[in-house]
2 protein chains.
Amino acid sequence: MATTDKGMPAVVLLSGGVDSTVLLFHVIRNLQAGPVHAVSFNYGQRHARELECAAWQAAQAGVEAHETIDMRFLGGMLKSGSALVDGGPGVPALHALEEEDRAQPPTYVPNRNLILLALASAYAEAHGVSDVYYGAQALDSYGYWDCTPAFLERVNHVLALNRKEPVSVHAPLIRMPKVETIQFGRGLGVDFGHTWTCYRGGETACGECPTCVERLRAFAEAGLEDPLPYARGLRD
Amino acid sequence: MATTDKGMPAVVLLSGGVDSTVLLFHVIRNLQAGPVHAVSFNYGQRHARELECAAWQAAQAGVEAHETIDMRFLGGMLKSGSALVDGGPGVPALHALEEEDRAQPPTYVPNRNLILLALASAYAEAHGVSDVYYGAQALDSYGYWDCTPAFLERVNHVLALNRKEPVSVHAPLIRMPKVETIQFGRGLGVDFGHTWTCYRGGETACGECPTCVERLRAFAEAGLEDPLPYARGLRD
């Protein structure tokens, strides 16, 4: 866990998924007594429901401010090469993924976390905030190079060069398995019925894309029922 | 100078100022035989003339593609705290600047180069390009922490973690004084009449903001006449 002075303000990257929502409640309840700014990004993700969940959770957690940054230019700039971005290729079911794709899944957005952390750190600096939190967690690091402890350390190494207002990035869940994150969030009173994980764009979570499967497995391991309805249940 | 394989494609950050324009011609003429993509950013800068110059120079240099990324949300996100962004405070004359402000000038945009390099590297990765060039040069490093060799090194340290398509950032002018950059650019045939430096929003360059003064001094030291008209000449 990050140790931070009580009473300091913080910026939390809030996607509206399980991890960033648990992180938001953790920061507000356990780490910071100061005002918390939630920052979300609209990068044209297929699952706009995520952003609705982010707004709901930000209000529920009682943040000082919730800023959603419009980055829909990203899809065009990246040639919609990612399955995560609307207009990109479809999101495959986990059981259809090749081993190679699991190393860097088709939902990977090039450089996503460096872009988001650079922007969130700029937002923090402009608002006089020194601590930025993001919800990288253990499982993500199998698939995404920008969710690893090494990534976090090196980003902080860059930001430490700032001469006037250095900002630090923290990822307190980065070594916590998803099942523990869910149990931890439950203890914090998080309502998981207002978190969104599915990478496809449906009205109901699909239950078979890689993140749905990961989420359903983690709830099952935690011995808890996922309050979200699914189009189809967990298969293995 | 960076050493790069001939024939490889490259991405060049092109602002339309002196340094990035010289860099663009240097990359095309000396470093890369492959296609070059110029990437510019519209972050609501006061000096939109810069972007017109970027487009002119990109066409002149014969780039493969010129992408301008619309980042005008940045001003609102940063509370327009920078004098560089339209709606921010005025740009003071250099002679009115305090010593403290010279260490980190009022035209500083929080985290600007990390944001731009993160986006340019994502663009590069999505287009299968491994080399990104940006025009940080020696004088910038007095005022901006994100124009220093240490910054460049640490950003590359982050990007080296990419498992699939690592991208490297190069800044071949980073140790070159501006006067040499201008002489170097002249040798490359750069038309400085289509570069823009002034940080104020006027029709004619003001001649007294910090970057105008720096530019005018460098041209004078280089023994060359700046082809741009100025509202007022160099004072010191």
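Relevant structure appears above.
Conventions adopted
- Residues numbered from 1 in each chain as written.
- Chains lettered and ligands numbered in written order.
- Predicted model: local features only at pLDDT ≥ 70, side-chain atom pairs only at ≥ 80, totals over all residues.
- Heavy atoms only, no water.
- Contact = heavy atoms within 4.5 Å.
- Buried area = accessible area lost by both parts, 1.4 Å probe.
- Salt bridge = Lys/Arg side-chain N within 4 Å of Asp/Glu carboxyl O.
- Polar contact = N/O pair within 3.5 Å; in protein donor to acceptor, adjacent residues only side chain to side chain.
- Helix = DSSP H or I, 4+ residues; strand = E, 2+ residues; numbered from the N terminus.
- Nonpolar A, V, L, I, M, F, W, Y, C, P; charged D, E, K, R; others polar.
- Least-squares fit on C-alpha atoms with pLDDT ≥ 70 in both.
- Disulfide = S-S within 2.5 Å.
- Buried < 20%, exposed > 50% of the residue type's maximum accessible area, 1.4 Å probe, protein only.
- Axes fitted to C-alpha atoms, helices over the stretch in contact; angles between N-to-C directions.
- Parallel < 35°, antiparallel > 145°, perpendicular 65-115°, else oblique.
- Left-handed = near helix turned anticlockwise from the far one by under 90°.

(A) Broad picture of the interface of chain B and chain A. Contact residues are listed per partner, giving 42 residues for chain B and 42 residues for chain A. Carbon and sulfur atoms make up 66% of the area that chain B and chain A hide from each other, which totals about 3,800 Å². In terms of surface lost to chain A, no three residues of chain B exceed Met77, Arg154 and Arg163 of chain B, which account for 19% of the buried area on that side. For the interface between chain B and chain A, the tally reads zero salt bridges. Our enumeration of links across chain B and chain A arrives at four residue pairs in polar contact (both at pLDDT 80 or more). Top element by residues in the side of chain B that touches chain A is helix H5 (residues 112-126) of chain B. It accounts for nine residues. Grouping the constituent residues of the side of chain B that touches chain A by class yields 26 nonpolar, nine polar and seven charged.

(B) Layout of the relation of the copies chain B and chain A. Take chain B, turn it by 180°, move it 0.0 Å along the axis, and it overlays chain A with an RMSD of 0.0 Å. The relationship between the two copies is best expressed as a two-fold rotation axis. The position closest to the rotation axis in chain B is occupied by the C-alpha of Ile115 of chain B, lying 3.0 Å away.

(C) Structural context of the state of the cysteines. Counting across every chain of the model gives zero disulfides over all chains. Between Cys209 of chain A, a free cysteine, and Cys206 of chain A, which holds the nearest cysteine sulfur, the sulfur-to-sulfur gap is 3.8 Å. Look at Cys209 of chain A and you get buried, because its relative accessible area is 0%. In this structure Cys53 of chain B is a free cysteine whose sulfur lies 12 Å from that of Cys198 of chain B, the closest cysteine sulfur available.

(D) Focus on the packing of helix H1 (residues 18-31) of chain B against helix H8 (residues 178-187) of chain B. All names here are of chain B. Look at H1 against H8: their axes get within 10 Å of each other, and the N-to-C directions meet at 45°. Considering the angle they form, H1 stands oblique to H8. For the element pair H1 and H8, the recorded crossing hand is left-handed. Only Lys178, Thr181, Ile182, Phe184 and Gly185 of H8 make contact with H1, whose side of the interface consists of Val18, Asp19, Val22, His26 and Asn30. Class assignment for the residues of the contact of H1 with H8 results in four nonpolar, four polar and two charged.

(E) The arrangement of the packing of helix H5 (residues 112-126) of chain A against helix H7 (residues 149-159) of chain A in detail. All names here are of chain A. Relative to each other, H5 and H7 sit at 40°, their axes nearing to 12 Å. Relative to H7, the element H5 lies oblique. The way H5 lies across H7 gives a crossing that is right-handed. For the pair H5 and H7, the contacting residues are Asn113, Leu114, Leu117 and Ser121 in the first and Phe151, Val155 and Leu159 in the second. In the contact of H5 with H7, the residues fall into five nonpolar, two polar and no charged.

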